[in-house]
Amino acid sequence: MTPLLEVRNLKKHFPVRGGLLRRVVAQVRAVDGVSFSLAAGQTLGLVGESGCGKSTLGRAILQLQRPTSGEVLLDGTELTTLDPRGLHAMRRSMQIIFQDPYASLSPRRTVAQTIREPLEVHGIGTPAERERRVEELLGVVGMRTAVMDRYPHEFSGGQRQRIGIARALALDPKLIVADEPVSALDVSVRAQVLNLIARLQREMGIAFLFISHDLSVVEHVSDRVGVMYLGRIVEMAPAQELYRQPRHPYTEALLSAVPVPDPTRKARRIVLGGDVPSPMNPPPGCPFHLRCPKVMETCRSVTPPVVEVGTSGASHQVACHLHA
Amino acid sequence: MTETTTRRQSLWSKAAWKLRRDRFGMLGLAVVAAYFLAAVGVWLGLWATGWGDVAGGKWEAPSAAHWFGTNLIGQDIFQRSIYSISTAFEIGLVVAVLSTLLGAVLGAVAGFFSGRATDELVVWLMGVLDSIPFYLLVAAIAFALEGNPWSMHVAMISTFWITTARLVRGEVIKLKGLEFVEAAHAIGVPEYTIIFRHILPNTFHILLVQSTITFVAAIKSEVILSFLGLGVKDGMSWGLMISESTFEVLAGFFNNFLAASVLMFGLVMAFSIFSDALQDALDPRQVS
Amino acid sequence: MSGEPILSVRDLVVEFRTEHGTVRAVDRVSFDVFPNETVGLVGESGCGKTVTGLAILGLIPNPPGRIASGSIRLAGRELVGLPEGELRKLRGREMAMIFQEPMTALNPVFTIGSQMIDILRRYKGLSRGQARAAAIELLAKVGIPAPAQRIDEYPHQLSGGMRQRVVIAMALSCDPKLIVADEPTTALDVTTQAQVLEQIVRLQQEFRMAMILVTHDLGVVAETCQRALVMYCGRVAEKADIAPLFAHPRHPYTAGLLQSLPRVGQQAHQDLPVIPGMVPDLLDLPAGCRFAERCARRDARCDRELPELDGEADSPSRVACFHPL
């Protein structure tokens, strides 16, 4: 089966300008050589801490920020070299859901205007058909059609997130990048929205790239999970396998750091020293070696290659000298 | 699933609520409204129709016939000063609306394409226009347009848009990083549609406040420009009245000067107070 | 817990005036905090947990807010009604607050050292040299590496986790009896959160302080607190020791919250049990139980009457529900 999305050695560097002549003095390597593929109807979870490049990766895939180098193939079409017209057509196949339900909707547009806009931009249907489609979409995300003429400020965070999801669904995309879609929501509403996303995937066969800092949420929704650190994926495996048998020391530490709502399970916690280094001058060798509890001599100078360590048939990749 | 909406108030209704509680601001608005009614009456020909007629003798004292007395050639000062209200509103409205529009469009386009050539061009233009002394620019435009009655308006608009554009540009740079703009990009909405449909409506509070400030600035500038002979060509204005009154003041006759300056002071003051109140009410940092 | 409580809150009511009327953000909340224990205030946004914390420190912005009634006693001394000057003195010496966003507590134009030295000189009467030494010692205690160098840096030179440690060091600088920590690790990354939480627990034991931890994260509560109050719509829904609270929650809301959490290594790919509906508007509260509309155990009585906490005031486990689990 050919994958729906294939990302090859994707890089996104941001130039840092300085000095009198505003010359480029450094590069922030936000995404630094990421490769993976995602099959139709599957969910790939991406976890990592702030600044690891996971949000930039999502935007670089959607060409909202044009990548510095590498390839992104959606349904066999290479997006990074596409002209504006071709890209416009491809936007029907890929959409995004955002983190902040208060910033993601135009404050001065009604619910109907917001959800209808993608249909108008791509010239889909007659005005009457669009109206019906908006009603249908509101039903899909669990809202009454009576809300169509209301403005975003009249809704709670969870409801706004539903409206944003309806907008993303309007074009029947094959891929949705969900960038921290539940992080800003309260616990009881979070579960409602997670269930909605899971249902959409089951019923509509949409592939999700689910980006989050919250490991428990990612595990809940994902088929496969990739762990990012300093712009790279350091480990990627089927969700259950990653959580049961993490191979990368960073994954282990990340998993052990999650506070567990169970007072009887006092954690055997791996507390990492120090902070994430700046992506402006990442350390040589393995990006994690400055904080790694299992650091070896080679880690300081040699970048670990990605190796396959899967035992159960499914692919389990890790970039660590311990497994090289 | 419940869909009961929360009672979260919009920025506008909150602002209106705050504005209504601001007594000075509301007083200012009432005074401005009274002036505006006076101007409407002039436009409809209800009063001050005899502003150009010679209706009495030279420098008559205030009386029942001539409330503020008469000027050097026997014209009624009261009618002239009331008529000038309509001139002030004409100039204020035209300049405020057009310079706000210009500032909004150029500022939004510059902000949206910040760092690119379009932005550099607009920023350069603002810098150049800012560096020319205002009255020199007005004189140059007046000279270039040779007696055109709109030269004063053109001169004011060509400088007043700059402040609005700067503010809008800054706000747009902030707004274009927000997720709803990213969402529009992701949908494939064309760039100029994003600017005018999604971004500019969210700078409306700035435009509203800026247009009131520009209105006041235009009225004040008119007085100085007319006094210098660069302003109103036909018709009557407070600036022309003050210009006329220079000889009269030297001769000890103050009615013309007082009528024009007190009325102007009242309007400018009331409008400024209202403008401040509006700004306070719309300030998102205070509205939260 | 034995002995006298450090903090004793009784029937606290905090109200805010809005353009649509008065909102009761905290409604007759009572609890005690004993020395050397950490009490969690848990709930979703708008439940009144943060307002309760602010009220204890006398930090309710007035207007629009005010403590309408109730009592807050710190080591036997009544704080409600105390003049602002007195409260300010107490905030330095007897109690301190740690906020979610460390930058709100740090002045960006001064070095962290000069800010800490100021506090130490003002409240402890130390000389400049003594204060500097004490500040370095405190920074070392909260786990800042190379404190003697770091003390001369500006807040923006530190990472988020380091800043929060500095804020904790500042809060500790006068040996307060009580610390109120409002979502102290919510803005931090998971691994940094783990570091800071561990530090907080260690310091709380070392300094034998009482601490109130305000958070929405049940995981954080489970790992740091001995007791917790679950709040909903300004009222205490349930109050219990940590172990029974998580093992056998009695309020349907607590139970629903715990079930709706996705957990690492469990229940993958099934729908999460959800609490239906949403939190009611504080301006438009139901007459009866505030959770009734979302509750599976609701009956006619729940719609009529507002349940109070059951049991004795000092019993370890209390719940405000007519039909507890």
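Every value quoted in this text rests on a predicted model; they were computed, and no experiment measured them.

**Quick look at the overall build of chain B**
- Along its length, chain B carries 12 helices and 0 strands.
- Secondary structure elements of chain B, listed N to C terminal, follow the sequence α-α-α-α-α-α-α-α-α-α-α-α.
- By principal-axis analysis of the C-alpha atoms, chain B measures approximately 80 × 50 × 30 Å.
- Each of the 288 residues in chain B was classed as buried or not, and the buried ones make up 45%.
- Here the analysis covers contacts within chain B between residues at least 6 apart in sequence; of these, 67% occur between residues at least 24 apart.

**Details of the overall build of chain A**
- Along the backbone of chain A there are 9 helices and 12 strands.
- In terms of overall size, chain A behaves like a compact globule, its C-alpha atoms giving a radius of gyration of 21 Å where 324 residues would be expected to give roughly 20 Å.
- Principal-axis analysis of the C-alpha atoms places the extent of chain A at approximately 65 × 60 × 45 Å.
- In chain A, buried positions account for 51% of the 324 residues.

**Side note on the sheet that holds strand S9 (residues 227-232) of chain C**
All names here are of chain C.
- The mixed open sheet is built from 7 strands, whose spatial order is S6-S7-S8-S3-S9-S10-S11. Pairing within the sheet leaves two strands with one partner each, and these edge strands are strand S6 (95-98) and strand S11 (318-319).
- With 2 bridges joining them, strand S10 (residues 235-241) and S11 adopt antiparallel strand pairing. By the bridge assignment, lysine 239 is partnered in S11 with arginine 318.

**A few points about the interface of chain C and chain A**
- On the chain A side, the residues contacting the 37 residues of chain C number 38 residues.
- The set of elements that each furnish at least two residues to the side of chain C that touches chain A consists of helix H7 (190-207), helix H8 (218-224), helix H9 (242-247) and helix H10 (252-259) of chain C.
- Looking at the side of chain C that touches chain A, the element that brings in the most residues is H7 of chain C, giving 7 residues.
- When grouped by side-chain class, the residues that make up the side of chain C that touches chain A number 18 nonpolar, 12 polar and 7 charged.

**Brief notes about the pairing of strand S3 (residues 43-47) of chain A**
All names here are of chain A.
- Where burial is concerned, most of S3 is hidden: 5 out of the 5 residues are buried.
- Judged by which residues are buried, S3 turns out to be covered on both faces: Thr43, Gly45 and Val47 on one side and Leu44 and Leu46 on the other are all buried.
- In this structure, S3 lies alongside strand S8 (residues 207-212), joined through 5 bridges in parallel fashion. Bridged to glycine 45 within S8 is phenylalanine 210.
- Where S3 and strand S9 (residues 224-229) come together, 4 bridges link them in parallel fashion. When the bridges of S9 are listed, glycine 45 appears paired with valine 225.

**Quick notes on the confidence of the model for chain B**
Residue and element names in this part refer to chain B.
- With 94% of its residues at a pLDDT of 70 or more, chain B has an overall mean of 86.
- A low-confidence stretch, residues 1-8 (pLDDT under 50), is modelled with 18 contacts involving residues beyond four sequence positions or located in other chains.
- ipTM for the predicted complex: 0.88, alongside a pTM of 0.84.

**Some remarks on H7 of chain C**
Residues and elements named next belong to chain C.
- In a regular helix each residue adds 1.5 Å, so 18 residues correspond to 26 Å; H7 covers 25 Å between its end C-alpha atoms and thus fits that length.
- Residues Val190, Thr191, Thr192, Gln193, Ala194, Gln195, Val196, Leu197, Gln199, Ile200, Leu203 and Gln204 constitute the buried set of H7.
- Positive phi shows up at arginine 208, right after H7, with a value of about 50 degrees.

**Structural notes on helix H3 (residues 112-124) of chain C**
All names here are of chain C.
- Its 13 residues give H3 an end-to-end C-alpha distance of 18 Å, which sits within 8% of 18 Å, the value for a rise of 1.5 Å per residue.
- Among the residues of H3, those classed as buried are Ile112, Gly113, Met116, Ile117 and Leu120. Taken around the axis of H3, the buried residues stretch over an arc of 120 degrees, which confines them to a single face.
- Where H3 is buried, its residues contact helix H4 (128-141) and helix H6 (160-172).
- Of the residues trailing H3, glycine 125 is marked for its positive phi of about 65 degrees.

**So, unusual backbone geometry**
- You will see that aspartate 172 of chain A, though not glycine, has its phi angle at about 55 degrees, which is positive.
- Within the secondary structure, aspartate 172 of chain A is located in the loop between helix H5 (157-169) and strand S7 (175-179).
- By the C-beta count within 10 Å, which is 13 here, aspartate 172 of chain A ends up partly exposed.
- Look at arginine 208 of chain C: it is not a glycine, yet its phi comes out positive at around 50 degrees.
- Checked against the element boundaries, arginine 208 of chain C lands in the loop between H7 and strand S8 (210-215).

Rules behind the numbers
The residue numbers shown here count from 1 along each chain, following its written sequence. Chain letters start at A and ligand numbers start at 1, both assigned in the order the entries are written. Under the rules for a predicted model, residues below a pLDDT of 70 receive no local features and side-chain atom pairs below 80 are neither given nor counted, while totals for whole chains, interfaces and linings still include all residues. Helix numbers and strand numbers start at the N terminus; a helix is a DSSP run of H or I with at least 4 residues, a strand a run of E with at least 2. Exposure classes come from backbone-placed C-beta atoms, where a residue is buried if 20 or more other C-beta atoms lie within 10 Å of its own, exposed if 12 or fewer do, and partly exposed in between. A pair of residues counts as a contact when their C-beta atoms, built from backbone coordinates, are within 7 Å of each other. The reference for a compact globule is 2.2 Å times residues^0.38; the radius of gyration itself is calculated from the C-alpha atoms. At least two bridges found by DSSP between two strands are what make those strands a pair. Following the grouping adopted for this structure description, the nonpolar residues are Ala, Val, Leu, Ile, Met, Phe, Trp, Tyr, Cys and Pro, the charged ones are Asp, Glu, Lys and Arg, and the polar ones are all others, Gly among them. Along the chain, pLDDT gives the predictor's confidence residue by residue, from 0 to 100. By this rule the span expected of a helix is its residue count minus one, scaled by 1.5 Å. This arc is taken over the directions from the axis of the helix to the C-beta atoms.

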